[in-house]
Amino acid sequence: MQRYFFFVTLHTERLTSPLPIMKREIVCSGIRPTGNLHLGNYFGALRNFVKMQDEHECFFFVADYHSLTTHPTPDNLYNNARQILVQYLAAGLDPEKSTIYLQSDLPETVELYLFLNMNAYLGELERVTSFKDKVRQQPGNVNAGLLTYPTLMAADILIHKATRVPVGKDQEQHLEMTRTFAQRFNSMYHTELFPLPQAYNYGHDLVKIPGLNGSGKMGKSEGEGNAIFLNDDPSVIRKKIMKAKTDSGPVEPGQAKPVEIENLFALMRAVSSADAVRYFEEQYDSCQIRYGDMKKQLAEDMIRFTEPFRARIAELGADEVSLRRIMDHGKERAHESARHTLDEVRHVIGYRQ
Ligand code: TRP
């Protein structure tokens with residue numbers, strides 16, 4: 001069915017199909033295979049991907065070519081990609097609704113990357129913020145792949161002619177370059193082949209999840225214990241939450257909450273019942289709150305909330321046969337989409353058909 005919609009967007013003659021023609025955008029996003037998913041990733045991004053699957057034609061892939069730009073000889077390349085795939089599937093990405101694949105299973109991307117590189121200039125690539133950061137971080141390995149990270153990312157997106165790219169703020173410059181490359185290609189070859197993709201998020205329900213150490217965002221680089229991972233064991237979750245930073249408690253009724261306490265309430269609002277939140281709000285306002293009790297409640301609610309993820313991660317992670325099948329299915333679908341774009345690209349450039 002999915003495939004059908006796809007052709008509808010590419011071949012106008014299929015517009016006569018009996019299927020309802022809906023305006024489905026093509027969505028594409030890449031996920032770097034860096035460690036485990038935490039609650040911040042879930043509420044900040046993943047939950048939106050899951051929703052987008054029902055409304056759009058989605059392509060989600062694990063960016064395992066891009067990993068070589070920073071880790072040229074990675075340990076366990078496949079296992080890292082596999083692990084991230086398992087977690088995304090466990091969180092609700094559906095291989096029937098979306099095309100879910102490993103970037104390295106779609107070498108067509110590399111051919112498009114080559115074409116885009118022919119019209120990508122040293123000056124503009126050197127000015128990219130992420131490149132400058134990496135030059136500072138790894139001065140001994142400023143490789144051409146790192147410099148052309150944005151052209152590979154553009155190829156990832158343009159190979160499916162995606163128009164919507166759900167990414168965070170830190171990727172906006174890359175997306176702008178994608179538009180530049182797309183537009184440049186279109187005007188060089190007098191074509192309208194590539195649409196210009198835009199960043200895309202369901203802004204209103206992006207929930208910011210704070211960390212446990214009293215700092216801002218939940219993140220893995222903020223130190224052990226700051227983040228709750230979707231596959232953390234219940235005992236680990238209890239330990240992390242019981243250790244979360246608090247203060248000595250309110251002294252005046254209705255007193256404003258310090259950041260670390262507000263953070264605990266924000267976590268509670270994400271995973272606990274409205275009643276539980278209200279109860280502790282009242283306890284706080286009347287200066288009777290016992291943080292130990294609140295943390296116990298939060299820990300149990302967090303364990304309950306993450307339980308289905310944990311179970312599915314364990315189940316899928318142990319099922320290599322199903323995983324391989326999902327990867328093959330995604331590869332096939334991605335290939336079909338990519339092949340079509342690449343045939344058009346080769347045609348407008350002037351290669352033999
Ligand atoms: N650069 C993105 C990141 O660091 C990952 C990525 C690679 C990506 N290719 C992409 C994101 C294509 C969106 C579309 O998170």
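Residues numbered from 1 in each chain as written. Predicted model: local features only at pLDDT ≥ 70, side-chain atom pairs only at ≥ 80, totals over all residues. Heavy atoms only, no water.

**Observations concerning helix H10 (residues 234-243)**
Here comes step 1: Those residues of H10 not exposed but buried are Ile237, Lys240 and Ile241. The buried residues of H10 all sit within an arc of 95° when viewed along its axis, so they share a single face. Away from the buried face of H10 by more than 90 degrees, exposed residues Lys239 and Lys243 are located.
Here comes step 2: Buried positions along H10 lie against helix H13 (291-317). (Buried < 20%, exposed > 50% of the residue type's maximum accessible area, 1.4 Å probe, protein only. Helix = DSSP H or I, 4+ residues; strand = E, 2+ residues; numbered from the N terminus. Arc of directions from axis to C-beta. Contact = heavy atoms within 4.5 Å.)

**Topic: the pattern of salt bridges**
Close approach of charged atoms allows side chains of opposite charge to pair.
Here comes step 1: For the coordinates displayed, the defined rule picks out 20 salt bridges.
Here comes step 2: Here Lys169 and Glu172 are joined by a salt bridge, their closest N and O atoms 3.9 Å apart.
Here comes step 3: Given a relative accessible area of 69%, Lys169 falls into the exposed group.
Here comes step 4: The exposure class of Glu172 is partly exposed, given its relative accessible area of 35%.
Here comes step 5: As a salt-bridge pair, Glu281 and Arg269 come within 3.4 Å of each other at their nearest N and O atoms. Placement of the pair is Glu281 in helix H12 (residues 274-285) and Arg269 in helix H11 (residues 259-271), with a sequence separation of twelve residues. (Salt bridge = Lys/Arg side-chain N within 4 Å of Asp/Glu carboxyl O.)

**Comments concerning the domain arrangement of the chain**
Here comes step 1: We note that the domain assignment places domain 1 (11-199 + 319-349) and domain 2 (220-315) within the chain.
Here comes step 2: Domain 1 and domain 2 are separated by 35 Å when their C-alpha centres are compared.
Here comes step 3: Contact residues are listed per partner, giving 16 residues for domain 1 and 15 residues for domain 2.
Here comes step 4: When the two sides are added together, the surface that domain 1 and domain 2 hide from each other amounts to roughly 1,300 Å², 66% of it contributed by carbon and sulfur.
Here comes step 5: When the buried surface of domain 1 facing domain 2 is broken down by residue, His38, Leu39 and Ala90 rank first, second and third, together holding 42% of it.
Here comes step 6: Inspection of the region where domain 1 meets domain 2 yields zero salt bridges.
Here comes step 7: Applying the counting criterion to the domain 1 and domain 2 interface returns four residue pairs in polar contact (both at pLDDT 80 or more).
Here comes step 8: At the level of secondary structure, the elements contributing two or more residues to the side of domain 1 that touches domain 2 comprise helix H2 (39-55) and helix H3 (77-90).
Here comes step 9: In terms of residue class, the side of domain 1 that touches domain 2 is made up of eight nonpolar, seven polar and one charged. (Domains from an automatic or database assignment. Buried area = accessible area lost by both parts, 1.4 Å probe. Polar contact = N/O pair within 3.5 Å; in protein donor to acceptor, adjacent residues only side chain to side chain. Nonpolar A, V, L, I, M, F, W, Y, C, P; charged D, E, K, R; others polar.)

**Concerning the packing of aromatic side chains**
Here comes step 1: The full count for this structure, using the stated rule, is 13 aromatic pairs.
Here comes step 2: Three or more aromatic residues joined by ring pairs form one cluster here, namely Tyr42, Phe43, Phe305 and Phe309.
Here comes step 3: We note Lys257 situated over the ring of Phe265; from NZ or CZ to the ring centre the distance is 4.7 Å. (Phe/Tyr/Trp six-rings, centres within 6.5 Å; stacked < 30°, edge-to-face > 60°. Lys NZ or Arg CZ within 6 Å of the ring centre and 35° of its normal.)

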